[in-house]
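Commentary on secondary and tertiary structure
Spelled out, the chains give:
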Amino acid sequence: MSGLLHKLSPARRANNSDDLPLFYTDQRNIPKVSFTLAELLTSVEAEQNGQSGAFDIWTTVPSYSMPSPCPFVLSFRDLTYSVKINKKFNPLHYCGNSSFDGDDMEMNTKILLNGISGEAKEGEMMAVLGASGSGKSTLIDALADRIAKESLHGAITLNGEVLESSLHKVISAYVMQDDLLFPMLTVEETLMFSAEFRLPSSLSKKKKQARVQALIDQLGLRNAATTVIGDEGHRGVSGGERRRVSIGIDIIHDPVILFLDEPTSGLDSTSAYMVVKVLQRVAKSGSVVIMSIHQPSYRILGLLDKLLFLSRGNTVYSGSPKDLPRFFSEYGHTIPGNENKTEFALDLIRELEDSPEGTKTLVEFHKQWRAKQTSNQTTRNTNASLKDAINASISREKLVSACRAGPQILPDRSFGGETDLKSTFQTFANPFWTEILVISKRSMLNSRRQPELFGIRLGAVLITGTILATMFWKLDNSPRGVQERLGFFAFAMSTTFYTCAEAIPVFLQERYIFMRETAYNAYRRSSYVLAHTIISLPALVILSATFAATTFFAVGLAGGSEGFFFFFLTILAAFWAGSSFVTFLSGVVSHVMIGFTVVVAILAYFLLFSGFFISRDRIPLYWLWFHYLSLVKYPFEGVLQNEFEDPTKCFVRGIQMFDSSPLGQVPDAVKISLLKSMSGVLGVNVTAETCVTTGVDILKQQGVTEMSKWSCLWITVAWGFLFRVLFYFTLLIGSKNKRR
């Protein structure tokens, strides 16, 4: 590998200033090359494939293999974390016992971490091992700032300074155990979107693509680069390939501290070795790598620098893999020469856990052993200050995406205090509008490859509109026509909201992807909300236009072109409010079936209190507040006014007064005779053609007198914006992604 690093191709030498930045450190003016992740991974691949000329890198000193003059050191001391667990109530315990101690109902405390200490240095890989339930993932979460500060006791420092959450998110990354990916994006597209999120806009698209291509090759994904990720309904990449993609999207930006929870889970031995080999090179390039791993192979063990064995929240061994045989030999359990050292240790720990005394003796022995090892070593604190470590990383382009001022050394005055240190870095790699553009592009691409989802919604609207058009074909202006119009409007408005219920699974499917990406500031929550609002509008416009065009003219609604335009806007506003309401609920409810149940129930209540079944004046006072909260009320009243606002249009004439009564079946001559009698009594001449009820009278009968149709429209639109804002706050509050 060292031979690779002293070569320089003519093309590379000519383009050195663009592709391989050269920096001078300290006062010695010794040239040092800072390798990008893409260059580093490609050189690793060339080494493993035996292709010495595959990628030429030149430097006088191979900086990636030399210790940094100002290394990062992540230290953790006495980390303790416990959770409360309810006791199981056993009624037999209290049979015949009149005394009931209130303490028996207290909660048990389960200790998940019990005074864990250790240190991880830049350029090294620390692996946390242990059986299921030992606390591996809990320790990784604690170090990765995924446990609330008030619940976690102990200290976590970076080069002696407390690592604040804001700085932690900028310089670190966390690879989850589960594969959370968009199913209809290809491997290459998934990594490219991650690069666009996590790398600054100042970096050219060509360089981002080069970094993505290097990751694809190094992770062994070249044959699957153009294959979609897939899910239960779409065939895609294999499980091992999905795992490697999940790792790739979190190391694309070359973090200073990298946490991984079971990165080799689901991989065969060769793929697992390749992944850990990549992580080793990431560490050597200037990162602190800490991972939990399950029974590493002999080859993987040779790549690890430190091991930390846990047993039920306690440390049973911490140190170099080379010292593991001596440790267990002194404990009285010699590791056979032909056996995997970690497998032997894990098996022994399991046996001790099943014994009556548990691993108490091993925990105590480890404390004594570590104390003896420490006493035999000369303790000198040679760690660089956090300022010096960050300056060194900036000079190697390690924090280019985070530093506001770009790749330059930070002056001492920037570190006058903690606040100044945090203000040196920008929270997000890209500006607000760039995030919106990338999120929108990704969502539209994923949706375009699932046309059946929108096709189902469009088909449902088209079928519903066709049924309504044929059922209410060319309604007349009779009393019966008035009732049928009221029924059409009520069903049409409620249909728009029920159609929006299909949007419930959209965010629920993306919830954990969103939480993973925002946990380490890939983008802002506000960018996510605004982007999804923007991309939802075209679909809503198409659905609204389809429904309005299918029903308005076929039913024979009033208003002509102006009436059609308002009807279309009202349908669009109803779709908008319904979509926003359902999106908000998807941020509150975490289960699809529960979400559907809640949406259907609430929409039914909205329809009940809309004013169709019972007018506003007839609603009991204690339910009147729900009438004004009903989303169906405002579009329903708006289209009613659009239909009946003409005061010159008559809907009930003299002879039609009897149509809705038992007298409706008598001959017209009898009806005319009755009208004459009524005229004599009332003193008003009422003939067969006299207009008795206009559209304004119908609006009064329905209680639609408080606001204009345009006010109803704007209130409906405002409801949509309100629910989008509430959705943002649910994301802000409910996606902290931390244990309590």
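Quick caveat, the model's predicted, so the values are computed rather than measured.

Conventions used here
- Residues numbered from 1 in each chain as written.
- Predicted model: local features only at pLDDT ≥ 70, side-chain atom pairs only at ≥ 80, totals over all residues.
- Heavy atoms only, no water.
- Helix = DSSP H or I, 4+ residues; strand = E, 2+ residues; numbered from the N terminus.
- Buried < 20%, exposed > 50% of the residue type's maximum accessible area, 1.4 Å probe, protein only.
- Contact = heavy atoms within 4.5 Å.
- Areas by Shrake-Rupley, 256 points an atom, 1.4 Å probe, with all protein chains shown as cover.
- Disulfide = S-S within 2.5 Å.
- Pairing = 2+ DSSP bridges.
- Axes fitted to C-alpha atoms, helices over the stretch in contact; angles between N-to-C directions.
- UniProt positions renumbered as here; feature names shortened; annotations may be inferred.
- Salt bridge = Lys/Arg side-chain N within 4 Å of Asp/Glu carboxyl O.
- Core = buried A, V, L, I, M, F, W, Y, C linked by side-chain atoms within 4.5 Å.
- Expected span 1.5 Å × (residues − 1).
- Arc of directions from axis to C-beta.
- Patch = residues over 30% accessible without salt bridge, like charges linked within 9 Å, V, L, I, M, F, W, Y side chains within 5 Å.

**Notes on the overall build of the chain**
A tally of helices and strands in the chain yields 27 helices and 14 strands. Split into buried and exposed, the 740 residues of the chain put 53% on the buried side. Contacts in the chain between residues far apart in sequence, at least 24 positions, make up 77% of those at least 6 positions apart. Just so you have it, the chain exposes about 34200 Å², and 56% of that area is on carbon and sulfur atoms.

**Here we look at the state of the cysteines**
Put plainly, a disulfide is one covalent bond tying together the sulfur atoms of two cysteines. Throughout the structure, instances matching the rule amount to one disulfide. There is a disulfide in this structure between cysteine 650 and cysteine 691, and the S-S distance comes to 2.3 Å. Between cysteine 650 and cysteine 691 the disulfide shows an S-S torsion of about 110 degrees. By sign, it is right-handed. Of this pair, cysteine 650 sits in strand β13 (residues 650–653) while cysteine 691 sits in strand β14 (residues 691–694), and the two are 41 residues apart along the sequence.

**Some words on the sheet that holds strand β12 (residues 314–319)**
Judged by pairing direction, the sheet is mixed, and its six strands sit side by side in the order β8-β9-β10-β5-β11-β12 without closing on themselves. Here the strands that pair on one side only, and so sit at the sheet edges, are β8 (172–175) and β12. In this sheet, neighbouring strand axes are inclined to one another by 15 degrees on average, regardless of whether the strands run parallel or antiparallel. Relative to strand β9 (residues 257–261), β8 is paired through four bridges, and the arrangement is parallel. Bridging from a neighbouring strand, alanine 173 pairs with leucine 258 of β9. Helix α9 (residues 269–284) rests against β5 (125–129), β9 and β10 (288–292) of the sheet, and its axis sits at about 135 degrees to β5. Strands β5, β11 (306–311) and β12 of the sheet are contacted by helix α12 (residues 341–354), whose axis makes an angle of about 20 degrees with β11.

**Looking at the UniProt feature "transmembrane region" (unreviewed entry) in the chain**
Sequence positions flagged by UniProt for "transmembrane region" (unreviewed entry) are, in local numbering, residues 454–475, 487–508, 529–558, 564–585, 592–614 and 713–734. Between the end C-alpha atoms of residues 487–508 there is a gap of 34 Å, over a span that is 82% helix and 0% strand. The span residues 592–614 shows a helical share of 74% and a strand share of 0%, and its end C-alpha atoms are spaced 32 Å apart.

**What to know about the pattern of salt bridges**
Within this structure, the stated rule accounts for 20 salt bridges. Salt-bridge contacts for aspartate 179 lead to arginine 243; the nearest nitrogen and oxygen are separated by 3.4 Å. With aspartate 179 in the loop between β8 and α6 (187–198) and arginine 243 in helix α8 (residues 239–251), the pair connects residues that are 64 residues apart, well separated along the chain. For aspartate 179, a relative accessible area of 23% translates into the label partly exposed. Each of Asp323, Arg326, Glu330 and Lys372 takes part in one network of salt bridges that share partners.

**Description of the environment of threonine 270**
One can find threonine 270 in helix α9. By relative accessible area, which is 47% here, threonine 270 ends up partly exposed. Once the C-alpha coordinates of threonine 270 and isoleucine 300 are considered, the two residues, 30 residues apart in sequence, prove to be 9.8 Å apart.

**Digging into the nonpolar core**
Among the nonpolar cores identified, the biggest contains 119 residues, and Leu74, Leu139, Ile257, Phe259, Ile290, Phe488 and Phe567 are the most heavily contacted of them. Those residues in contact with phenylalanine 259, other than ones at most four positions away along the chain, are Leu74, Ile140, Leu143, Ala144, His168, Ser172, Ala173, Tyr174, Val175 and Ile290. Counting residues in hydrophobic clusters, the runner-up holds 62 residues, among them Leu301, Phe309, Phe344 and Ile349.

**Quick notes on unusual backbone geometry**
Residue glutamine 295 is not a glycine yet carries a positive backbone phi of 50 degrees. In this fold, glutamine 295 is placed in the loop between β10 and α10 (298–301). You can call glutamine 295 partly exposed: its relative accessible area is 30%. For lysine 474, which is not a glycine, the phi torsion comes out positive at approximately 45 degrees. Among the residues examined, lysine 474 registers a relative accessible area of 49% and is labelled partly exposed.

**Considerations on helix α22 (residues 592–608)**
Taking 1.5 Å per residue as the helical rise, α22 with its 17 residues ought to reach 24 Å, and the 24 Å between its terminal C-alpha atoms agrees with that figure. Those residues of α22 lying buried are Gly595, Val599, Leu603, Phe606 and Leu607. Axial view of α22: buried residues confined to an arc of 95 degrees, hence all on one face. Of the exposed residues in α22, those oriented more than 90 degrees away from the buried face are Met593 and Thr597. Among the structural elements, α18 (479–499), α19 (504–519), α21 (560–588) and α23 (624–629) are those in contact with the buried residues of α22.

**Thoughts on the environment of threonine 570**
By secondary structure assignment, the location of threonine 570 is in helix α21. In this structure, threonine 570 is in contact with Met493, Pro635, Val639 and Leu713, ignoring residues within four places of it in sequence.

**Some thoughts on a nonpolar patch on the surface**
A cluster of nonpolar side chains, namely Tyr605, Leu608, Phe613 and Ile614, defines an oily patch on the protein surface of about 390 Å² accessible area. Tracing the backbone shows tyrosine 605 in helix α22. For tyrosine 605, a relative accessible area of 44% corresponds to the partly exposed category.

**Overview of α8**
Helix length check: α8 (13 residues) gives 19 Å between terminal C-alpha atoms against 18 Å at 1.5 Å per residue, within 8%. Where burial is concerned, most of α8 is hidden: 12 out of the 13 residues are buried. Within α8, burial applies to Gly240, Glu241, Arg242, Arg243, Arg244, Val245, Ser246, Ile247, Gly248, Ile249, Asp250 and Ile251.

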